[in-house]
Amino acid sequence: MGFFDRLKDGLAKTRMGFIGKVESIFTGRKIDRETLEELEETLIVSDVGTKATAEIMSVIREKVRRGEVRDGVSVKGLLKREMRAILGDRQPIVIFGSSPFVILAVGVNGVGKTTTIGKLASRFRSEGLSVLLAAGDTFRAAGIEQLEIWAKRADAQIVKHQKGSDPAAVAFDAIVAAKNRGIDVVIVDTAGRLHTKISLMEELKKIRRIVEKAMPEAPQEVLLVVDATTGQNALRQAALFNEAIGVTGIALTKLDGTAKGGIVFAVKKELGIPVRLIGVGEGIDDLRDFDPEEFVEALFS
Ligand SMILES: Nc1nc2c(ncn2[C@@H]2O[C@H](COP(=O)(O)OP(=O)(O)OP(=O)(O)O)[C@@H](O)[C@H]2O)c(=O)[nH]1
Ligand SMILES: [Mg+2]
């Protein structure tokens, strides 16, 4: 199966809960205040978020008022167009500048940081880039081992310390090693942490400071990994991580098997942080650059 089909498959629940409802609202009914309100509720319930929903609905209401939209099929077409517009252009991670390009991966527990790092490493390797992973999740021995497995699978190098050691020191050593070895990309794994735990967020700030000491232009990318199944809570996580260390991009994982795929629109509209990557499964090929065009097509087809 190609990625588009996997994406379509992954978005099946979102599509059923969302497009399915949109269609049923207008079946055998006319477009009036009541049906439009139902449409609005459907957008909100699908985690599209209040801002994106308000923007979409104001365009639709205006077109209905002017008599340009008269049936369910045209509402659906307009909805698709407006949702596509909200997502804007593709904004993938672009490797640039002096080596290494350092990516710091952060996020709450279990969102898919280590898996995303492994998949990303594999992608970069297939593009011919050299990759070094930094085992910055020193909290659990299993965290280090998991990254080692991914490093082997992706054919990437790894720098690790013992369990319980200082994650900032691991990141520092990794960047120094990468400079010495002429490595293109360093990806730093970190322990999962609750965005509301001040001491853990302070630790993250320290990691960032030390990374900057090792290389002033690093980290070139601070990648926040968020789990799509958490819905609106993802927005809160992003806001607090951004406040603490400055997030430059988001990887949205677990879009497969959730009905909350609408969160993509809320993230874009309410945070203004680009969604760079989406994950639609646990496999090594289940991570892709986020492509708004493809995403909206998959959602509506
Ligand atoms: N279905 C699905 N599962 C995913 C995806 N990404 C990650 N996972 C799974 O989510 C689980 C947690 O992934 P990890 O990569 O260990 O998450 P983490 O953020 O590193 O976790 P901690 O280090 O414990 O904070 C694993 O079972 C992954 O296989 C995805 O896109 N889809
Ligand atoms: Mg991890």
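As a reminder, the structure under discussion sits directly above these lines.
Residues numbered from 1 in each chain as written. Chains lettered and ligands numbered in written order. Predicted model: local features only at pLDDT ≥ 70, side-chain atom pairs only at ≥ 80, totals over all residues. Heavy atoms only, no water.

A. Just the nonpolar core, in detail. Ranked by size, the top nonpolar core spans 102 residues in total, and within it Leu 39, Leu 79, Ile 187, Phe 265 and Phe 295 carry the most contacts. Looking at this core, the element that brings in the most residues is helix 8 (residues 167–181), giving seven residues. When near neighbours in sequence (up to four residues on either side) are disregarded, Leu 79 contacts Phe 18, Val 22, Leu 39, Leu 43, Ile 56, Ile 60 and Phe 300. (Core = buried A, V, L, I, M, F, W, Y, C linked by side-chain atoms within 4.5 Å. Buried < 20%, exposed > 50% of the residue type's maximum accessible area, 1.4 Å probe, protein only. Helix = DSSP H or I, 4+ residues; strand = E, 2+ residues; numbered from the N terminus. Contact = heavy atoms within 4.5 Å.)

B. Fine view of the side chain of Thr 53. Turning to its location among the elements, Thr 53 is positioned in helix 4 (residues 50–65). Apart from the residues within four sequence positions on either side, Thr 53 is in contact with Glu 40, Leu 43, Ile 44 and Val 48.

C. Up close: the packing of aromatic side chains. Enumeration according to the criterion identifies four aromatic pairs in this entry. Ring centres of Phe 18 and Phe 300 lie 6.5 Å apart, and the angle between their planes is 85 degrees; on these two criteria the pair is classed as edge-to-face. One end of the pair, Phe 18, is in helix 2 (residues 12–26); the other, Phe 300, is in helix 12 (residues 292–300), with 282 residues separating them in the sequence. One cation-aromatic arrangement involves Arg 153 over Trp 150; the distance from NZ or CZ to the ring centre is 4.2 Å. (Phe/Tyr/Trp six-rings, centres within 6.5 Å; stacked < 30°, edge-to-face > 60°. Lys NZ or Arg CZ within 6 Å of the ring centre and 35° of its normal.)

D. Just helix 3 (residues 33–45), in detail. Between the first and last C-alpha of helix 3 there are 18 Å, a value that for 13 residues agrees with the 18 Å anticipated at 1.5 Å per step. Turning to helix 3, its buried residues are Thr 35, Leu 36, Leu 39, Thr 42 and Leu 43. Seen along its axis, helix 3 keeps its buried residues to an arc of 115 degrees; they face one direction. Of the exposed residues in helix 3, the ones pointing more than 90 degrees away from its buried face are Arg 33, Glu 41 and Val 45. Against the buried residues of helix 3 lie helix 2, helix 4 and helix 5 (72–87). Phi turns positive, to about 70 degrees, at Asp 47, one or two residues after helix 3. (Expected span 1.5 Å × (residues − 1). Arc of directions from axis to C-beta.)

E. Structural context of the environment of Val 264. In this structure, Val 264 sits in helix 11 (residues 263–271). Each C-alpha atom of the pair Val 264 and Val 275 lies 7.6 Å from the other, and the pair is 11 residues apart in sequence. Every residue in contact with Val 264, bar those within four places of it in the chain, is listed here: Leu 87, Leu 252, Leu 255, Phe 290 and Phe 295.

F. Here's a closer look at the site of ligand 1. Around ligand 1 sit 20 residues in total, of which Lys 113, Thr 114, Thr 115, Asp 256 and Glu 282 are the nearest. Within the backbone of Gly 192, one N or O atom sits 3.4 Å away from an oxygen atom of ligand 1. When ligand 1 is considered free in solution it has 660 Å² of accessible area, and contact with the protein chains removes 79% of it. Counting residues per element, the shell around ligand 1 draws most heavily on helix 6 (residues 113–126), which supplies four residues. (Near = heavy atom within 4 Å. Polar contact = N/O pair within 3.5 Å; in protein donor to acceptor, adjacent residues only side chain to side chain. Areas by Shrake-Rupley, 256 points an atom, 1.4 Å probe, with all protein chains shown as cover.)

G. Up close: the side chain of Asp 227. Following the sequence through the fold, Asp 227 ends up in strand 5 (residues 221–227). Taking the relative accessible area as the measure of exposure, Asp 227 reaches 10% and is therefore buried. At 2.5 Å, the side chain of Asp 227 forms a polar contact with the side chain of Thr 229. The residues touching Asp 227, leaving out its near neighbours within four places in the chain, are Val 111, Thr 253 and Lys 254.

H. Focus on the pairing of strand 4 (residues 185–188). With burial as the criterion, each face of strand 4 is covered, one bearing Val 185 and Ile 187 and the other bearing Val 186 and Val 188. As defined by bridge partners, strand 1 (residues 101–106) adjoins strand 4 across four bridges and the pair is classed as parallel. In the sheet register, Phe 101 faces strand 4, and the bridge partner there is Val 185. (Pairing = 2+ DSSP bridges.)

I. Structural context of the pattern of salt bridges. Tallied over the full model, the rule gives 27 salt bridges. Glu 127 is paired through a salt bridge with Arg 123; the nearest N and O atoms lie 3.0 Å apart. Under the relative-accessibility criterion, Glu 127 is labelled partly exposed at 49%. Residues Asp 155 and Arg 125 are paired through a salt bridge, measuring 2.8 Å at the closest nitrogen-oxygen approach. In this pair, Asp 155 sits in the loop between helix 7 (141–154) and strand 3 (157–159) while Arg 125 sits in helix 6, placing the two residues 30 residues apart along the sequence. Arg 125 gets classed as partly exposed once you look at its relative accessible area, which sits at 26%. Through salt bridges that share partners, Glu 62, Lys 63, Arg 65, Arg 66 and Glu 68 make up one connected network. (Salt bridge = Lys/Arg side-chain N within 4 Å of Asp/Glu carboxyl O.)

J. Quick peek at the sheet that holds strand 6 (residues 249–253). Spatial strand order, 3-2-4-1-5-6-7-8: eight strands in an open sheet with mixed pairing. Among the strands making up the open sheet, the edge pair consists of strand 3 and strand 8 (287–289). Going from strand to strand, the sheet's axes swing by 25 degrees on average, the running direction of each strand aside. By the bridge criterion, four bridges tie strand 2 (residues 131–134) to strand 4 in an arrangement that is parallel. The residue bridging Ala 134 from the neighbouring strand is Val 188, located in strand 4. In this fold helix 7 packs onto strand 2 and strand 3, with an angle of close to 160 degrees to the strand it touches most, strand 3. (Axes fitted to C-alpha atoms, helices over the stretch in contact; angles between N-to-C directions.)

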